[in-house]
Amino acid sequence: MLWRTALISSCRLLPSCSHPAGRSFRWSVIASAHRRRSSMDPEVPAIDPSCTPAESPASGMSSDATGSLETMASEDLLPGETVVREGKASILFPSANEVFYNPVQEFNRDLTCAVITEFARDLLAQRGVRVVVPGEKEKVLVSLSEESNEAEEKTGAEELNVTATAGEKCEHGLRVLEGLAASGLRSVRFALEVPGLQSVTANDFSSKAAALIARNAQYNRVSHLDLMLTSLLYNSPYSPFHPASFLDAAVQAVSEGGLLCVTCTDMAVMAGNSGETCYSKYGSISIKAKYCHEMALRIILHSLDQRAGVYQRYIQPLLSVSADFYIRVFVRVFTGQATVKNSASMKYSAATGPPVGPECEQCGQRHQLGGPIWAEPIHDQEFVQKVLSAVSGNPSRFGTSKRIEGMLSMVTEELEDVPLYYTVDNLTSTLHCNTPPLLQFRSALLHAGHRVSLSHACKNAIKTDAPPAAIWDIMRCWEKENPVKREKLSQTSPAFRILSTEPRLEACFTVREDANPQSRKRHLTRFQENPQAFWGPKARAKAGGGITTHLQDKRKKCQNKRKNQVTDSSQLKNFPCKKFKQVRLDQTSKQPSPHASAALKIFLFF
């Protein structure tokens, strides 16, 4: 763990990559029950102390419980409220946009429940607690060691008797804090679906959100959901508030070895559209490139590690995914001064410099400097495999189980020690040639003796340990089979510079059997299409609530404004300019007044 972060240099070959702009930062802290008390620990009683764990819906909700919820829905609903059902939770949600809610994040919430379940299973197993998940097949543990005495057998038998089920409070379980809870849907789902929890604390600065959290906790009969109304965090998950304060508080609040879950939706900043803003928020410069999604993951991991290092702590990533319009990372936080000292990215001494020159050796273009970013693996393959096995073995637990299975399958196939990736369409667009099939390009890399894999962050991504010279040699060989018109290439273009050099290796494009990964052979749901319109970040919650109709009209008007160009000149501008003053004609002569003519001249020569 000597090289945890690194600076990124890239030549100007990759086209720009844009993402829906939305500024968000949501974090959750999962801490163990046995931890040191601090001034940040909330001491707030439960919302409904009279509700016992037996009264709360546990592993499965019976028909009587469902009927009672339906009765409560008809009696306790306020005017304009609706019931939103997701997983085992039923959330009361106002029709007005007073409290934030985004149904797109269901995949995020399902994945978080699956990750916390496996984290609780591993951690509570050390305390002698067995986690029981409804619908999951029991695993038979076979001990191969013959050197076990009777005392150990008794201890093992006693440990098997202590179980933790979903919806019930576990005295030796985990404590969960959701910093920006909004309607409390995620916290309610934790309390109902994740076993092995001692308490769940939902926090939001908005008084309307806090009141809604309290009602949802009582509506779902959650006995171990605490309500904490404090000014520690900002009120809206889509606010432009600086996220650095969240990071500092998060890395300090989580217990030793606890789990920290972070979601970032400001992909416009992290994808390279505003490198200066990214540096001011996360301490790294983002680059406009095809690999921007994985780079965003490594930027937030570096920022977390840098913030934790201030307090002599370090992180260990368990899972990092890029999905839809956001990124989601799950990291464990530990304390260790020696490990923190080894997390330095590089050391400079006299008469040394960067490993690259000012220009790219292949295309002759100047490099772009980005980073620093996290250079170590962004996943724990053993932990990801546990989550994948649990989800695939119990597909009825989550509504997005198929997508989780496809996403995690691709994660397990990724090369751990290869940061970032190439895209085949970007390589071919640089040379202005035809795009080779994905399997043929992967086969060429395998024939050359290099490792290769796909990436969950991009559909046409290629992760490989091949150097850039080998990549462009393969592209030169492909161009010879599919030649381009070199007489039309500019002598200063990257394509002319790259194709002017003869390849040093002879690429073989014969398709190999191992070129097609298992996730692709099994036709898993890896990159799903948007199921509905306006699939992405939602509008932030407003005090008065409501989304006006003209906002939807503006969204429709601005969509595909460059693809569907208006050819009729009369429709180019059918609304008045802000600096335009309407001229009133004289009713008798139908001619503009002298003052109006002067105003018209001023407008024309403005």
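About the thresholds
- Residues numbered from 1 in each chain as written.
- Predicted model: local features only at pLDDT ≥ 70, side-chain atom pairs only at ≥ 80, totals over all residues.
- Heavy atoms only, no water.
- Helix = DSSP H or I, 4+ residues; strand = E, 2+ residues; numbered from the N terminus.
- Buried < 20%, exposed > 50% of the residue type's maximum accessible area, 1.4 Å probe, protein only.
- Contact = heavy atoms within 4.5 Å.
- Areas by Shrake-Rupley, 256 points an atom, 1.4 Å probe, with all protein chains shown as cover.
- Core = buried A, V, L, I, M, F, W, Y, C linked by side-chain atoms within 4.5 Å.
- Expected span 1.5 Å × (residues − 1).
- pLDDT = per-residue confidence, 0-100.
- Axes fitted to C-alpha atoms, helices over the stretch in contact; angles between N-to-C directions.
- Parallel < 35°, antiparallel > 145°, perpendicular 65-115°, else oblique.
- Left-handed = near helix turned anticlockwise from the far one by under 90°.
- Nonpolar A, V, L, I, M, F, W, Y, C, P; charged D, E, K, R; others polar.
- Pairing = 2+ DSSP bridges.
- Salt bridge = Lys/Arg side-chain N within 4 Å of Asp/Glu carboxyl O.
- Phe/Tyr/Trp six-rings, centres within 6.5 Å; stacked < 30°, edge-to-face > 60°.

J.: Would you mind showing me how to read the overall build of the protein chain here?
T.: A tally of regular secondary structure across the protein chain gives 19 helices and 16 strands. Counting all 606 residues of the protein chain, 49% fall into the buried class. Put simply, 78% of the contacts in the protein chain that link residues at least 6 apart link residues at least 24 apart. Accessible surface, the protein chain as shown: approximately 31100 Å² in total, 52% of it carbon and sulfur.

J.: Explain the nonpolar core to me, please; I cannot follow it from the model alone.
T.: Inside soluble globular proteins, nonpolar side chains tend to come together where they are buried. Leu111, Phe190, Leu259, Leu319 and Leu408 are the most contacted members of the largest nonpolar core, which has 58 residues in total. By residue number, the principal contributor to this core is helix H2 (residues 106–125), which donates 10 residues. Ignoring any residue separated from it by four or fewer positions in sequence, one finds Leu408 in contact with Leu111, Leu319, Val384, Val387 and Leu388. In this structure, Met267, Met295, Leu301 and Ile378 belong to the second largest nonpolar core, which totals 36 residues.

J.: Got a minute to help me understand H2 in this structure?
T.: Here H2 spans 28 Å end to end across 20 residues, near enough to the 28 Å set by a 1.5 Å rise per residue. The buried fraction of H2 is high, at 17 of 20 residues.

J.: Would you mind going over the confidence of the model for the protein chain with me for this structure?
T.: Per-residue confidence for the protein chain gives a mean pLDDT of 75, with 65% of residues at or over 70. Ranking the elements of the protein chain by mean pLDDT puts helix H19 (residues 594–604) last, at 36, and strand E14 (residues 422–423) first, at 96.

J.: Quick question: what am I supposed to make of the packing of helix H14 (residues 438–447) against helix H15 (residues 468–481) here?
T.: Packed helices, taken two at a time, are described by the angle between their axes plus the distance between the axes. Where H14 contacts H15, the two axes come as close as 11 Å, and the packing angle between them is 125°. Relative to H15, the element H14 is oriented oblique. Helix-helix and strand crossings are classified by hand; for H14 and H15 the assignment is right-handed. Between H14 and H15, the residues in contact are Gln440, Phe441, Ala444 and Leu445 and Ile471, Ile474, Met475 and Trp478, respectively. Residues belonging to the contact of H14 with H15 are distributed by class as follows: seven nonpolar, one polar and no charged.

J.: Even after reading the chapter, I still don't get the sheet that holds strand E15 (residues 452–455), so can you show me in this structure?
T.: Hydrogen bonds between backbone groups are what pair the strands of a sheet, and the pairing can be parallel or antiparallel. Here we have three strands laid out as an open sheet, ordered E14-E16-E15, and antiparallel in their pairing. Every interior strand has two partners, whereas the edge strands, E14 and E15, have only one. Relative to strand E16 (residues 458–464), E14 runs antiparallel, the two being bridged by two bridges. Looking at E16, one finds that Tyr422 is bridged to Ile462.

J.: What should I look at first to understand unusual backbone geometry in this one?
T.: Generally, phi is negative for residues other than glycine and the peptide bonds are trans, each holding for most cases. Between Gly371 and the following residue, Pro372, the backbone shows a cis peptide bond with an omega angle of 0°. Looking at the secondary structure, you find Pro372 in strand E13 (residues 367–374). Of note in the backbone geometry, Ala182 takes a positive phi value of approximately 55° without being a glycine. Looking at where Ala182 falls in the secondary structure, it is placed in the loop between strand E7 (169–178) and helix H4 (185–193). Judged by its relative accessible area of 5%, Ala182 falls in the buried class. With phi around 60°, Leu420 is a residue other than glycine that occupies positive phi space. Its location among the elements puts Leu420 in the loop between helix H12 (401–413) and E14.

J.: Help me understand H12 in this model?
T.: Within an α-helix, residues lying three or four positions from one another point in the same direction, as the helix has 3.6 residues per turn. Taking 1.5 Å of rise per residue, 13 residues should cover 18 Å, and H12 covers 18 Å from first to last C-alpha, within 8% of that figure. Extensive coverage of H12 is indicated by the burial of 10 of its 13 residues. Turning to H12, its buried residues number three or more, namely Ser401, Arg403, Ile404, Glu405, Gly406, Met407, Leu408, Ser409, Met410 and Val411. Where H12 is buried, its residues meet H2, strand E11 (313–323), helix H11 (381–393), E15 and helix H17 (518–521).

J.: Please explain the pattern of salt bridges as it appears in this structure.
T.: Close approach of charged atoms allows side chains with opposite charge to pair. Scanning all chains against the criterion turns up 22 salt bridges. A salt bridge links Arg189 to Asp110; the shortest N-O distance between them is 2.5 Å. On the criterion of sequence distance, the pair formed by Arg189 in helix H4 and Asp110 in helix H2 is long-range, its members being 79 residues apart. Judged by relative accessible area, Arg189 falls into the buried class, the value being 1%. Using a relative accessible area of 1% as the deciding quantity, one classes Asp110 as buried. A salt bridge links Arg307 to Asp248; its shortest N-O distance comes to 3.8 Å. One end of the pair, Arg307, is in helix H9 (residues 292–310); the other, Asp248, is in helix H6 (residues 244–253), with 59 residues separating them in the sequence. Taking the relative accessible area as the measure of exposure, Arg307 reaches 22% and is therefore partly exposed.

J.: Hey, could you run me through the packing of aromatic side chains in this one?
T.: Remark: the centre distance and the inter-plane angle together describe each pair of aromatic rings, the angle taken between the planes. Considering all chains together, one arrives at three aromatic pairs under this definition. Plain terms: the ring middles of Phe325 and Tyr326 are 5.3 Å apart, the flat faces sit at 75° to each other, and that makes the pair edge-to-face. No difference in accessibility class separates Phe325 from Tyr326, as the two residues are buried. Ring geometry for Trp478 and Phe509: centres 5.3 Å apart, planes at 65°, overall edge-to-face. Of this pair, Trp478 sits in helix H15 while Phe509 sits in the loop between helix H16 (494–499) and H17; the two residues are 31 residues apart in sequence, bridging distant segments of the chain. The exposure class assigned to Phe509 is buried, which follows from its relative accessible area of 10%.

J.: It is not clear to me how the pairing of E15 should be interpreted in this structure. Could you clarify?
T.: Sheet topology places E15 next to E16; three bridges connect them, and they run antiparallel. Opposite Val452, over in E16, you have Thr464 as the bridge partner. In sequence, E15 turns back onto E16 through a hairpin of two residues.

J.: Any chance you could explain the pairing of strand E3 (residues 81–86) here in plain terms?
T.: Across a regular strand the side chains alternate sides, sitting on one face of the sheet and then on the other. Looking at chain direction, E3 and strand E4 (residues 89–94) are connected through six bridges and run antiparallel. Bridge pairing in E4 links Val83 to Leu92.

J.: Just to check I follow, could you spell out the packing of H2 against H12 for this structure?
T.: The interhelical angle for the contact between H2 and H12, taken along N-to-C directions, is 70°, at an axis separation of 10 Å. Classified by the angle between their axes, H2 and H12 sit roughly perpendicular to one another. Here H2 and H12 pass one another in a crossing that is right-handed. For the pair H2 and H12, contact is made by Phe107, Asp110 and Leu111 and by Arg403, Ile404, Met407 and Leu408, respectively. Its residues assigned to classes, the contact of H2 with H12 shows five nonpolar, no polar and two charged.

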